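Listed below, chain by chain, are the residues.
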Amino acid sequence: MTTNTLPWAPPTEDIEALPVGEWWDAVSAPAPVADRALSLLGDRSGAVIQDGTHGKAYWLIEVNTAQSWCVRQVHVLTRLVDEKTLIGIPPATWTRDHDTYWRVPYRIDRYLTDTRQLHEALAQASWEVLGPKPNGRQLCHRCQLPTDEPIPVPVEHTGSVAAATRYVCPMHARNYPHTDDTVLRAAARRRALDQGRSR
């Protein structure tokens, strides 16, 4: 926690929609990327909210410290000039028995995560889980709209001819249940090749 942190505590009764940019900004990441980032951060992570309904995790960070980030599928939520952004904050006592809960418990002395360390962990996690970013925009195979955050999805091969790589936008990636397994295997193979091993 930094000296610029304002005193703040979660609600006590139920989830409350609170504005970002007042006490903290927030960083969201999809569950597979968040899982890897948490393993990289270890005990350096501040409190983390797990949103099981939407498959995301949220870190709280110091206000105005991450506007220039550009990490695939990671979003910085901060105060905007013309609109208010709210996120649902659960009571500090809510644990895994709720859809939205504190995956890393809230502590008054350490609820914010260091912005630099979080950026490093999320950038590495994004690369390991999602692989290198494809060059340029891609069309989503499902909705046929261009996306700046293309996600490769498994393609069933027919016969001996391999199909071209297909991409989907983040919204449609959840329609491909084995995407995470395939991407993780591909990332593991890529890391092995980078390290001089083959298989």
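Our subject is the structure listed above.
Cut-offs used in this document
Residues numbered from 1 in each chain as written. Predicted model: local features only at pLDDT ≥ 70, side-chain atom pairs only at ≥ 80, totals over all residues. Heavy atoms only, no water. Core = buried A, V, L, I, M, F, W, Y, C linked by side-chain atoms within 4.5 Å. Buried < 20%, exposed > 50% of the residue type's maximum accessible area, 1.4 Å probe, protein only. Helix = DSSP H or I, 4+ residues; strand = E, 2+ residues; numbered from the N terminus. Contact = heavy atoms within 4.5 Å. Disulfide = S-S within 2.5 Å. Pairing = 2+ DSSP bridges. Axes fitted to C-alpha atoms, helices over the stretch in contact; angles between N-to-C directions. Polar contact = N/O pair within 3.5 Å; in protein donor to acceptor, adjacent residues only side chain to side chain.

Examining the nonpolar core
For soluble globular proteins, the rule of thumb is that nonpolar side chains tend to be buried together.
Piece 1. Counting 21 residues, the largest nonpolar core has Val33, Trp59, Val74, Leu118 and Leu122 as its most contacted members.
Piece 2. Top element by residues in this core is helix α2 (residues 115-130). It accounts for six residues.
Piece 3. Excluding residues within four positions of it along the chain, Leu118 makes contact with Val27, Leu41, Trp59, Ile61, Trp69 and Thr113.
Piece 4. Counting 16 residues, the second largest nonpolar core, distinct from the first, contains Trp8, Val20, Leu77 and Leu112.

Comments concerning the state of the cysteines
Piece 1. Applying the stated rule across the entire model yields zero disulfides.
Piece 2. Its sulfur unpaired, Cys140 is 3.6 Å from the next cysteine sulfur, which belongs to Cys143.

A short note on the sheet that holds strand β4 (residues 56-61)
Piece 1. Taken together, the five strands give an open sheet; going across it, the order is β5-β2-β4-β3-β7, and neighbouring strands pair in antiparallel fashion. One side of each edge strand has no neighbouring strand; the edge strands of this open sheet are β5 (75-77) and β7 (100-104). Adjacent strand axes in the sheet meet at a mean angle of 30 degrees, parallel and antiparallel pairs treated alike.
Piece 2. As paired elements, strand β3 (residues 48-51) and β7 share four bridges and run antiparallel to each other. Counted as the bridge partner of Ile49 is Trp102 from β7.
Piece 3. Taken strand by strand, helix α1 (residues 31-41) contacts β2 (25-30), β3, β4 and β7, and its axis lies near 115 degrees from that of β2.

A short note on unusual backbone geometry
Backbone geometry follows two general trends: most residues other than glycine have a negative phi, and most peptide bonds adopt the trans configuration.
Piece 1. The backbone phi angle of Gln73 is positive, close to 65 degrees, even though this residue is not glycine.
Piece 2. Mapped onto the fold, Gln73 is located in the loop between β4 and β5.
Piece 3. A positive phi angle, close to 65 degrees, is found at Gln144, a residue other than glycine.
Piece 4. Its location among the elements puts Gln144 in the loop between β8 (138-139) and β9 (146-147).

Here we look at the side chain of Glu128
Piece 1. Along the polypeptide, Glu128 turns up in helix α2.
Piece 2. Classification of Glu128 by relative accessible area gives buried; the value is 11%.
Piece 3. Looking at Glu128, its side chain comes within polar contact range of the side chain of Arg36, at 2.5 Å.
Piece 4. Here the side chain of Glu128 touches Gln124 through a polar contact of 2.7 Å, side chain to side chain.

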